Amino acid sequence: MINFLEAIKTSFVLNKNYREAESKGFHPLQKSLYKKYNSFRPEGAKPIFCYLPYNSLTFSFSGKVFVCGYNREILLGKYPLNTIDEIWNGSNAKKLREHMSHNDLEFGCQHCKYFFDKGKFTSFT
């Protein structure tokens, strides 16, 4: 019963997010393919494609900070030149979260977008 209610809630939020994304000029992932991706997710359907911009930082040996190992295009900062607070709350981190909240992978997330568009969802687990 809870999974059914969660699926309805996610579907409602997803539809709302897609309308908002398009009205703001974002380029959300193809909706029908996103629904297939959601059915593939081990933890169940989610309204956002990736949560790493909301909970993760990846550090290189040289101190460069990115959101993940695949998005090396968008530099969030360089430690210790930048503090963790500056990195986490910086303009690139905020912009990346804004894009992700609209399921728009065009801000440095080309690797995942490529595999998503091909329906290769095992690349994300």
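Being a predicted model, the structure only gives us computed values, none of them experimental.

Definitions and cut-offs
Residues numbered from 1 in each chain as written. Predicted model: local features only at pLDDT ≥ 70, side-chain atom pairs only at ≥ 80, totals over all residues. Heavy atoms only, no water. Helix = DSSP H or I, 4+ residues; strand = E, 2+ residues; numbered from the N terminus. Buried < 20%, exposed > 50% of the residue type's maximum accessible area, 1.4 Å probe, protein only. Contact = heavy atoms within 4.5 Å. Arc of directions from axis to C-beta. Salt bridge = Lys/Arg side-chain N within 4 Å of Asp/Glu carboxyl O.

Student: In this structure, what is going on with the environment of M100? I would like to understand it.
Tutor: Within the fold, M100 resides in helix α5 (residues 91–101). With relative accessibility at 1%, the residue M100 sits in the buried group. Between the alpha carbons of M100 and G63 there is a distance of 24 Å; along the sequence they are 37 residues apart. Among all residues touching M100, those that are not within four sequence positions of it are I48, F49, C50, P53, Y54, L105 and C109.

Student: I keep staring at α5 and nothing clicks. Help me out?
Tutor: Note: α-helices contain 3.6 residues per turn, so residues at a spacing of three or four share the same orientation. Looking at α5, one finds that the buried residues are A93, L96, R97, H99 and M100. Down the axis, α5 shows its buried residues gathered within 160° of arc, on one side only. The exposed set on the far side of α5, more than 90 degrees from its buried face, consists of S91 and K94. Positive phi shows up at N103, right after α5, with a value of about 50°.

Student: Sorry if this is basic, but what is going on with the pattern of salt bridges here?
Tutor: When the charged atoms of two side chains with opposite charge come close together, those side chains can pair. Tallied over the full model, the rule gives two salt bridges. The residue K24 makes a salt bridge to E20 at a minimum N-O spacing of 3.4 Å. Take K24: its relative accessible area is 49%, and that puts it in the partly exposed class. You can call E20 partly exposed: its relative accessible area is 28%. The partner of K113 in a salt bridge is D117, and the shortest N-O contact between them spans 2.8 Å. Taken together, the residues K113 and D117, both in helix α6 (residues 110–117) and four residues apart, mark about one turn of the helix. Classification of D117 as partly exposed rests on a relative accessible area of 42%.

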